[in-house]
Amino acid sequence: MVKYIVNRILVTIPIIIAIILIVFLLLQVLPGNPIQVMMKEKANQAVIDRVTEQMGLNDPVMVRFGRYLWGMLHGDLGHSYKLKRPVTQLIMTAFPNTVKLAITSALVAWIIGMPTGIISAIRKDTLLDRTLMGFSLVGISLPVFWAAMLLQYILGYKLKLLPISGYSTWRHMIMPAIVLGWASSGSIARLTRSSLLGVMKNDYIRTARAKGLVESAVVTRHGLKNSMIPVVTMMAMQFASLLSGAVITESVFGIGGIGQLMVSAISQRDMPLLQSSVIFSTMIIIVGNLVADILYSFLDPKIRTQ
Amino acid sequence: MKKLLAILLALALVFSMAACSSGGGGGEQPAPADGGEGEGGETAAVVYEDGFPENVLRITYQAEPESADPACTTADYILMMNCMDTLVRTETNAAGENVTVPSVAESWSVSDDGLTYSFHLRDDVKFHNGEMLTSDDVLYTVDRMLQPERAGRNSGWMDMIKGGADMLDGKIDTLEGVGIIINGDYDLDIILDAPYAPFLACLSTPAWSLCNREAGDRADEAGGGPLTSLYGSDPEYFCGSGPFMLDEWVLNDHVFLKTNPDYWRGANSMEGILIRIIPDPQTEKMLFDAGQLDIFDLDHALDQIPVYRDDPAYANNLNVKTVLGTSYLSINENIEPFNDVRVRKAFQLAIDRQTLIDTQYYGAATPAGTFLAPGVPGYDPDLGAIPYDPEQAKALLAEAGYPDGFDMEIVQTTDASTSDIEVNDAIASYLEAVGIHVTIKQMDSASWYDLRGTGESPTYRTSWTADFNDPDNFLYEMYGGSGNKRRSWNYYNEDVIKRLTDARYIVDEDERTAEYVWLDNQITREDAAMNVLWHKQKIRVLQSRVKGFVPMWAGYGDSGYYETSLELGN
Amino acid sequence: MFGKKKQAAPAVTTNPAPAEGTDWIPEGALKPIYVEESAEAEIAPYQNTWEKFWSIFKHNKVALISLIVIILYIVICVGAPLFAPYDPIETNLANGLALPSKEHLLGCDKLGRDVLSRMIYGGRISLMIGLFPTLVSMTIGTVLGITAGFLGGKVDQLIMRIADICMAFPSLLLAMVVSYTIGPGFLTIFLALSFVNWAGTARVVRSEVLSLREKEYVEAATSIGVKRWVIMLRHILPNCLPTLIVMLTNHIPGNILTESSLSFLGIGAQPPMTSWGLMVYQTKSYLDRNPTITLAPGIAILILVVAFNFLGDAVRDKLDPRLQEQ
């Protein structure tokens, strides 16, 4: 077990190094001079050239990469071209908003997804099952920004139930959380259902039933425990994915999270910010997968015994 | 029956859980609504979800403002226009003319050779940090912009001062005694390299916002050097002398400007300005309708113009300002067949400007016939708009050897708004009607700027708005100097380009204006080097509590709000 | 005992797919985690897959309806010129924002273009983006997955680590990088989506291969000296088919949704042509004045994606050995 975890962590290290390198190189192929983009129409070529030079953007790729790595090792991720602030500060300001969104969305997803899946599995092939599964399916089939837009229009604008945009309070988070959470809950419900159904076919369940256990006890004591393994794993990874930034939802609801940070950085060619936020977001996924794997190995007796 | 019951139970379960999650969340922090209660009294119709008091002007910005430091931005001037002062200001007077008026500089004189500008400053201008504004701060403002290590973005507004180029090259450390002579705390001379007629107008641009030396040094030190100075990004280090003070800056959410009680022109009656960052115009509209915003710039959402114009509650609250600028389609003469003037003229004649204005801009523009906008010296009202004449366009194309038309591209950037995309599609179908087949080429703006800089961009549509009220700021920016190639015109008429450069130095005002009338006519009509479209109006809808709002003289999106006040309590 | 260790671990790493818009591929659901050595799968020759596939629709009305809906969509969009009442890009400013009427069933957009016709043509792009990048990425994923699983060792490690990286990279951002570099357009979306999706497929296929490798018939074939690639083609690939088909029905709607997200970011379909995603995005400000033109393309996406998902569920229920009726 410990060996497995250590091994899994060791494998992650070269991936992280590779990602830093790949992100840096990939972003080098992007055309466009950040200074020109920022100065927009009102720019004089001489000034653009001079500022580009003065900011060291004309240095060779390897020099800039070296500088970037050197800074990173010293905890300095550079300075955003556009927002004139240290990148670390920008990411650390945006991340809590993303975390807030991720937590609320995940809560919505779990609270709706798991019971839906369990009820559906128990009542397999009944009208209830179909209704709930249909509801879940619509959740994962909605185009995110369309759903976000309609929700904002109906709940926020027409019914005035919730704030339209922003993220200053938890009330602001409800709509975005519903949009993201509904989609995730659909996946959770479906996985819960199929996993539970799969488990319920096992011999030990049959044995339990034969012993005369009440069906609900069979489900909760034997079925649920085992069927939750893939579900929990999936939830961990979903959560990581939410933490890495939700570009569309953040834009529609005006939430200043990691997703928005990345999108504005890329269109502005704000390289220091872009590199670091992409690497940050990628790391979260990697770490999330790592946690999921470890969680899985922890939950699954088959692996634990090794 | 049993099944139905089960369904109901399940639904109840789901909803109660959803309710739990939201209810639980709401409980952890006080509801934002509380903020407005204190002042509103029992009649307060609007509860502000942002938590700021009622006597705060609520406006939006579409993206995070880049900076409040004139050395750090050439695009987002809102913070400078509200928190800083310039030596002189441009104002639209009662006759509708844009004139330069005193501001921090109480009076000035210009030497006969047009090289030396002598200023006398007011002695009652106080910075937000309590220091008085003196000649030394003016010197500092220029020095810091031209300091090579700072990579000042607006150095183009100052490098005409004597010694400016040397300083940018790192040959000298300060302009003191070279281009700027300090004659006491409140008197100074600025000396130019060569006469430059629009210099005084230049001084009214936000690029010339006056900075404080002490605060500047402190901000540089805190940020670790001039390039990473905190002057424009951290309220603690920012320092201006304007009517509002940078008070709070929450990234990606809002900037709050607090009223400066010691402002030399008298303090504004509002408590401050809340600038919310709202990228999506649809959201902006919803917030405005909910009373959460005071001013809604309909440029972001043209399609809302008729909605508010037809709504009796708002019809009288529209603020219409004709923008001192021109929208146009560029023409790259290096791309065949645009090297043929007949083709360029056909290109101009093929577009029905009035119908496009009526349908796409809901009438909020006037068709253009010249590049110089009405109000700019050198504008010739007699020329009239370019007519819509598809038959003549076809004839011209046939004459030029393209009876069956030709193919062309129009570049559109990926961040173009929906209405921009629609206007381009509509223009394309007008061109199609005379045989010009258009492909819309979509590029992201950074890539496109690169392409345009090489002089190879196909036609693109954009608009130009005056920085200062002078034709030089229009025509020379386009066709003079590096602009000709950098903006992908490749305009070949060398004679015109030479006259354009010479016109900068004409000192006699009438002679200069006459020259620009000729130049504008030659470029936009005779040579048809540019397909001018319209002069837009900027329409803003205001909540009825907003009083006295004066849009920026040239009609930019960014405005100063010093004149604005709010009517409270209803 | 040996085999179980190998198949259990990789099965966990569910595709962390883009958080938004794309379905999580519930690999956990289709992978036998506790692998009850289902006797059925071993005997089953691969022809049965197809028979099973068709038998799905005999008993499942929802699946049948979904299939019909999908076919209908494809027919209408492929034959767009036959079905569209108007030219989708011909403007008529006089009809700007016309409400639905007999002449224009779904009304007109701001330039007076018929919304129904635009939807029929726009569907082509949405469908193409659903189908082609999926096929390409799944082919790449299958080839790499089989290679990794069958060869094992360093090759396996290399491929899987690259897959890890691809899956961790924010996909919408990648699409933006590609788009900004080579210019937006169909090719861009195609490349971006292919690049993102292959990794998930490769993972699943690899774990499938790992479990198949230990099966008796494969061992038998190896022992009588059948060449490796023959084994891969004859025995392993066909047995991966059910999984692949289920993944296919998951990826297609995922990509259709991703296209709408790309349009939101301005790098989807290119005007004057359109896609449903772009139509929704461009008409969002008319929700008050002419809701049909905003709602219709959104509903079109919703119905198509729901149909694909229903179909996918039905296929999975039938083909996943773990869910078989006993």
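Small disclaimer: the values here were computed from a predicted structure and weren't measured. Along every chain, residues carry numbers that run from 1 in the direction the sequence is written. Chains and ligands are labelled by the order in which they are written, letters from A for the one and numbers from 1 for the other. In view of the model being predicted, local features appear only for residues whose pLDDT reaches at least 70, and side-chain atom pairs are presented and counted only at 80 or more, with totals across whole chains, interfaces and linings using the full set of residues.

A. Local environment of the overall build of chain C. Put simply, DSSP marks the helices as runs of H or I at least four residues long and the strands as runs of E at least two long, and each gets a number from the N terminus on. Counting its regular elements, chain C contains 14 helices and zero strands. Scanning chain C from its N terminus toward the C terminus, one meets helices and strands in the order α-α-α-α-α-α-α-α-α-α-α-α-α-α. In this description, any two residues whose backbone-derived C-beta atoms lie within 7 Å of each other are considered to be in contact. The long-range fraction of contacts in chain C, counting pairs at least 24 apart against all pairs at least 6 apart in sequence, stands at 72%.

B. Representation of the overall build of chain B within the structure. Each helix and strand in chain B was counted, giving 18 helices and 20 strands. What you see for chain B is a C-alpha radius of gyration of 27 Å, in line with the 25 Å of a compact globule of 570 residues. Whether a residue is buried, exposed or partly exposed is read from the other C-beta atoms within 10 Å of its own C-beta, which are placed from the backbone; 20 or more gives buried, 12 or fewer gives exposed, and intermediate counts give partly exposed. Split into buried and exposed, the 570 residues of chain B put 51% on the buried side. A separation threshold of at least 6 residues defines the contact pool for chain B, and within that pool the share at least 24 residues apart is 66%. Radius of gyration means the value over C-alpha atoms here, while the globule rule gives 2.2 Å times the residue count to the 0.38 power.

C. Spotlight on the interface of chain A and chain B. Every contact between the two is made by 63 residues of chain A and, on the other side, 57 residues of chain B. Contributing elements (two or more residues each) for the side of chain A that touches chain B: helix H2 (34–39), helix H3 (45–54), helix H5 (87–122), helix H6 (127–141), helix H7 (144–158), helix H8 (170–200), helix H11 (247–253) and helix H12 (258–268) of chain A. Broken down by element, the side of chain A that touches chain B gets its largest block of residues, eleven residues, from H5(A).

D. Quick peek at the nonpolar core. Among buried residues, those of type Ala, Val, Leu, Ile, Met, Phe, Trp, Tyr and Cys that are joined through C-beta atoms within 7 Å form a set called a nonpolar core. Ranked by size, the top nonpolar core spans 332 residues in total, and within it A:Ala148, B:Ala350 and B:Leu475 carry the most contacts. Sorting elements by how many residues they give to this core places H5(A) first, with 18 residues. Aside from chain neighbours lying at most four places away, what touches A:Ala148 is A:Val179, A:Ile248, A:Thr249, A:Val252 and A:Phe253.

E. Broad picture of helix H13 (residues 418–433) of chain B. The end-to-end C-alpha distance of H13(B) is 23 Å, a good match for the 22 Å that 16 residues give at a rise of 1.5 Å each. By the burial criterion, the buried members of H13(B) are B:Thr418, B:Ile421, B:Glu422, B:Val423, B:Asn424, B:Asp425, B:Ala426, B:Ile427, B:Ala428, B:Tyr430 and B:Leu431. On its buried face, H13(B) is in contact with helix H11 (353–360), strand E15 (406–413), strand E16 (436–443) and strand E17 (459–465) of chain B together with helix H13 (276–283) of chain C. Looking one or two places after H13(B), you find B:Gly435, whose phi comes out positive at around 100 degrees. By this rule the span expected of a helix is its residue count minus one, scaled by 1.5 Å.

F. Expanded view of the pairing of strand E13 (residues 325–329) of chain B. All names here are of chain B. With four of five residues buried, E13 lies mostly within the body of the structure. Whether two strands pair comes down to DSSP finding at least two bridges between them. Summarising the sheet, E13 and E17 pair through five bridges and their orientation is antiparallel. Counted as the bridge partner of Gly325 is Thr465 from E17. Note: E13 against strand E18 (residues 531–542), three bridges, orientation antiparallel. Bridge assignment links Tyr328 to a residue of E18, and that residue is Val532.

G. Local environment of the domain arrangement of chain B. Residue and element names in this part refer to chain B. You can read the domains of chain B as domain 1 (4–62 + 250–294), domain 2 (78–228) and domain 3 (325–537). Placing a centre on the C-alpha atoms of domain 2 and another on those of domain 3 gives a separation of 34 Å. For the side of domain 2 that touches domain 3, the class distribution of residues is seven nonpolar, five polar and no charged. By convention here, the domain bounds are inherited from an automatic or database domain assignment. Note on residue categories: nonpolar means Ala, Val, Leu, Ile, Met, Phe, Trp, Tyr, Cys or Pro, charged means Asp, Glu, Lys or Arg, and polar means any other residue, Gly included.

H. Spatial organisation of helix H9 (residues 171–182) of chain C. Residues and elements named next belong to chain C. The end-to-end C-alpha distance of H9, which contains twelve residues, comes to 17 Å, matching closely the 16 Å that a straight helix rising 1.5 Å per residue would cover. Taken across its twelve residues, H9 has nine buried, putting it largely inside the fold. When we look at burial in H9, the residues that qualify are Ser171, Leu172, Leu173, Ala175, Met176, Val177, Val178, Ser179 and Tyr180. Phi for Gly183, located one or two positions after H9, is positive at around 90 degrees.

I. View of the environment of B:Ala350. Residue and element names in this part refer to chain B. Secondary-structure assignment places Ala350 in the loop between helix H10 (341–349) and H11. Judged by C-beta crowding, with 24 C-beta atoms within 10 Å, Ala350 ranks as buried. Between the C-alpha atoms of Ala350 and Glu391, which are 41 residues apart in sequence, the distance is 8.4 Å. Contact partners of Ala350, with chain neighbours within four places excluded, come to Pro390, Ala393, Tyr430, Leu431, Val434 and Ile436.

J. Up close: the pairing of strand E3 (residues 98–102) of chain B. All names here are of chain B. In this sheet, E3 lies alongside strand E2 (residues 88–92) in antiparallel orientation, the contact comprising five bridges. Within the sheet, the bridge partner assigned to Val88 lies in E3 and is Pro102. What sits between the antiparallel neighbours E2 and E3 is a turn of five residues, in which Gly96 has the positive phi angle 85 degrees.

K. Geometry of the sheet that holds strand E6 (residues 180–182) of chain B. Residue and element names in this part refer to chain B. Reading across the sheet, the four strands line up as E4-E5-E7-E6 and stay open at both edges, with antiparallel pairing between neighbours. Looking at strand neighbours, the two that pair on one side only are strand E4 (105–110) and E6, the edges of this open sheet. Averaged over all adjacent pairs, the angle separating strand axes in this sheet is 20 degrees, with direction ignored. Here five bridges tie strand E5 (residues 116–121) to strand E7 (residues 187–191), and the two strands are oriented antiparallel to one another. By the bridge assignment, Ser118 is partnered in E7 with Asp189. Convention adopted: a line fitted to C-alpha atoms gives each axis, helices being fitted over their contacting stretch, and angles between N-to-C directions are expressed from 0 to 180 degrees.

L. Layout of the environment of B:Phe244. All names here are of chain B. Relative to the elements of secondary structure, Phe244 occurs in strand E8 (residues 244–250). Since 27 C-beta atoms lie within 10 Å of it, Phe244 is described here as buried. Put simply, Phe244 and Gln543 are 299 residues apart on the chain and 21 Å apart in space, counted from C-alpha to C-alpha. Not counting the four nearest positions on each side in its chain, Phe244 is found in contact with Asn82, Cys83, Leu257, Lys258, Thr259, Asn260, Gly272 and Ile273.

M. How the structure looks around the packing of H9(C) against helix H10 (residues 186–213) of chain C. Residue and element names in this part refer to chain C. Put simply, H9 and H10 touch, their axes get as near as 9 Å, and they point 145 degrees apart. You can see that H9 and H10 cross each other, and the crossing is right-handed. Here H9 contributes Ser171, Leu174, Ala175, Val178, Ser179 and Ile182 to the contact with H10, which in turn contributes Leu187, Thr188, Ile189, Leu191, Ala192, Phe195 and Val196. Put simply, a crossing is left-handed when the front helix is turned counterclockwise from the back one by less than a right angle, and right-handed when it is turned clockwise.

N. Structural detail: the environment of B:Leu227. In this structure, B:Leu227 sits in the loop between helix H7 (213–223) and E8. With 20 C-beta atoms packed within 10 Å, B:Leu227 lands in the buried category. Once the C-alpha coordinates of B:Leu227 and B:Glu149 are considered, the two residues, 78 residues apart in sequence, prove to be 6.2 Å apart. Those residues in contact with B:Leu227 that sit more than four places away from it in its chain are A:Met55, B:Glu149, B:Arg150 and B:Ala151.

O. Main features of the confidence of the model for chain B. One confidence number per residue, pLDDT, is output by the predictor and ranges from 0 to 100. Per-residue confidence for chain B gives a mean pLDDT of 88; residues scoring 70 or more make up 92%. In this model, residues 1–44 of chain B is a region of pLDDT below 50 whose contacts with residues beyond four sequence positions or in other chains number 58 contacts.

P. View of the sheet that holds strand E9 (residues 254–259) of chain B. Residue and element names in this part refer to chain B. Sheet architecture is open: four strands sit in the order E1-E10-E9-E8, paired in mixed fashion. Two strands lie at the open edges of the sheet, namely strand E1 (56–61) and E8, each paired on one side alone. This sheet shows a mean twist of 20 degrees between the axes of neighbouring strands, independent of strand direction. With six bridges joining them, E8 and E9 adopt antiparallel strand pairing. Within E9, the residue paired with Val250 across the bridge is His254.

Q. Fine view of unusual backbone geometry. Residues and elements named next belong to chain B. Residue Pro337 follows Glu336 across a cis peptide bond; omega there is 0 degrees. By the element assignment, Pro337 lies in the loop between E13 and H10. The backbone phi angle of Ala528 is positive, close to 45 degrees, even though this residue is not glycine. Looking at where Ala528 falls in the secondary structure, it is placed in the loop between helix H18 (509–526) and E18.

R. Layout of the packing of H5(A) against helix H10 (residues 215–243) of chain A. All names here are of chain A. Interaxial distance between H5 and H10 falls to 11 Å at its minimum, and their mutual angle equals 150 degrees. Comparing their axes, H10 and H5 come out roughly antiparallel. The element H5 and its partner H10 pack so that their crossing is right-handed. On H10, the residues touching Thr98, Val99, Ala102, Ser105, Ala106, Ala109, Trp110 and Ile122 of H5 are Val219, Met235, Gln238, Phe239, Leu242 and Leu243. Residue classes in the contact of H5 with H10 are distributed as eleven nonpolar, three polar and no charged. Working rule for angles: under 35 degrees goes down as roughly parallel, over 145 as roughly antiparallel, 65 to 115 as roughly perpendicular, anything else as oblique.

S. Examining the confidence of the model for chain C more closely. Mean pLDDT over chain C stands at 78; residues scoring 70 or higher make up 82%. If you check the scores for this complex, the pTM reads 0.85 and the ipTM reads 0.86.

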